[in-house]
Amino acid sequence: MKIQEILNEAIFRLKENKIEEPINKAKRLLAFTLNVTKEYLLINYQEEIPKEKVKTYNENIEKLISGEPIQYIIGKQEFMGIEFIVNKNVLIPQPDTEILVEKSIEIAKTYEKPKILDLCTGSGAIAVSMGKIFPQAIIYASDISKEALLIAKTNDKSNKIKFIQSDMFENIEEKFDIIVSNPPYIKTEEIKKLSKEVQNEPNIALDGGK
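Note that the structure is predicted; figures quoted are calculated from it, not measured. Counting restarts for each chain: residues are numbered from 1 in the order of the written sequence. This being a predicted model, a pLDDT of at least 70 is required before a residue's local features are given, and a value of 80 or more before pairs of side-chain atoms are given or counted; all residues contribute to the totals for chains, interfaces and linings. Values shown for side chains rest on all heavy atoms present in the structure; no hydrogens or waters enter the calculation.

Asker: Lay out the sheet that holds strand β4 (residues 138-143) with the relevant residues and their values.
Answerer: DSSP-based pairing: two strands are paired if at least 2 bridges between them are found. Only DSSP runs of H or I reaching four residues or more are called helices, and only runs of E reaching two or more are called strands; each is numbered from the N terminus. If you walk across this open sheet you meet the four strands as β5-β4-β3-β6, and the pairing is parallel. Two strands bound the open sheet, and with one partner strand each, they are β5 (162-165) and β6 (178-181). Averaged over all pairs of adjacent strands, the angle between their axes in this sheet comes to 20°, without regard to strand direction. Pairing between β4 and β5: four bridges, direction parallel. Paired with Tyr-140 across the strands is Lys-162, a residue of β5. Angles shown run from 0 to 180 degrees and are taken between the N-to-C directions of axes, each axis being a line fitted to C-alpha atoms and, for helices, limited to the stretch in contact.

Asker: Outline the nonpolar core, listing residues and values.
Answerer: To form a nonpolar core, buried Ala, Val, Leu, Ile, Met, Phe, Trp, Tyr and Cys residues must be joined to one another through side-chain atoms within 4.5 Å. For every residue, the accessible area obtained with a 1.4 Å probe (protein chains only) is divided by the maximum for its type, and the residue is called buried under 20%, exposed over 50%, and partly exposed between those limits. Membership of the largest hydrophobic core comes to 22 residues, with the highest contact counts inside it found for Leu-29, Leu-30 and Tyr-57. Counting residues per element, the ones that place at least two in this core are α1 (3-16), α2 (22-34), α4 (51-65) and α5 (70-74). The dominant element in this core, judged by the number of residues it contributes, is α1, at six residues. Contacts between residues were defined by any pair of non-hydrogen atoms, one from each residue, lying within 4.5 Å. The contacts of Tyr-57, once residues within four sequence positions are left out, are Ile-6, Leu-7, Ala-10, Ala-26, Leu-29, Leu-30 and Thr-33. The next biggest cluster of nonpolar side chains, apart from the first, holds 19 residues, and it includes Phe-79, Ile-126, Phe-134 and Ala-137.

Asker: For the layout of surface pockets, give the residues involved together with the corresponding values.
Answerer: Only protein atoms enter the calculation, which uses a 1 Å grid: trapped sets of points that fit a 1.4 Å probe without letting it out are cavities, open sets showing protein on both sides within 12 Å along at least five of seven lines are pockets, and any residue with an atom within 4 Å of a point is a lining residue. Grid points are joined across faces, edges and corners, and a volume is the space filled by probe spheres set on the points. Here the second largest pocket is characterised by a volume of approximately 280 Å³. Considering the residues around the second largest pocket, the lining is formed by 16 residues, among which Val-128, Gly-131, Lys-132, Asp-156 and Ser-158 are closest to the centre. Of all the secondary-structure elements, those providing two or more residues to the lining of the second largest pocket are β2 (82-85), α7 (125-133) and β4. Classification used: nonpolar for Ala, Val, Leu, Ile, Met, Phe, Trp, Tyr, Cys and Pro, charged for Asp, Glu, Lys and Arg, polar for all others including Gly. By residue class, the composition of the lining of the second largest pocket is eight nonpolar, three polar and five charged.

Okay, here's the thing in structure tokens:
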């Protein structure tokens, strides 16, 4: 099967199942499966794909249709111009949260060497981004989930962030100049009304209770 043929089939399947951004997701997933760029797909659209890659790609398309976010399938998401590893144990960083980081950096610049806590860090997107933009800051990151902290540590290429497993402030003993947080804030009864993709993100990172 050729690149153009398998893409056309995938796009049709995604549209049929009302998946948002079907063309972009079909191309992104095929580029990931073949380990090439999306530009490569455009230039080499008549290239034959190995049978095992066809099988893998079709399996990934079915995962998308079942509601698994594409970021979990490919295992990464860009945030603040940085590529973060993500999986089912962490919330997928969203562009909206970049505003929180930008405003926090503005405040951090009023300190010479601010001590910052990222509470409910998840993938570490906020803490890592702030550390990269403002390297003189002393940054701590906490989360209730041990699995999430493992991902956050992997994303911290600087190895300067101090990670703490804590349910909110339970194990936090330090004092901070700035506390940044994107905590679970969706009402429990609202979660079932969200898209399938969002419902496939970790409930512990979504459910804000009453």
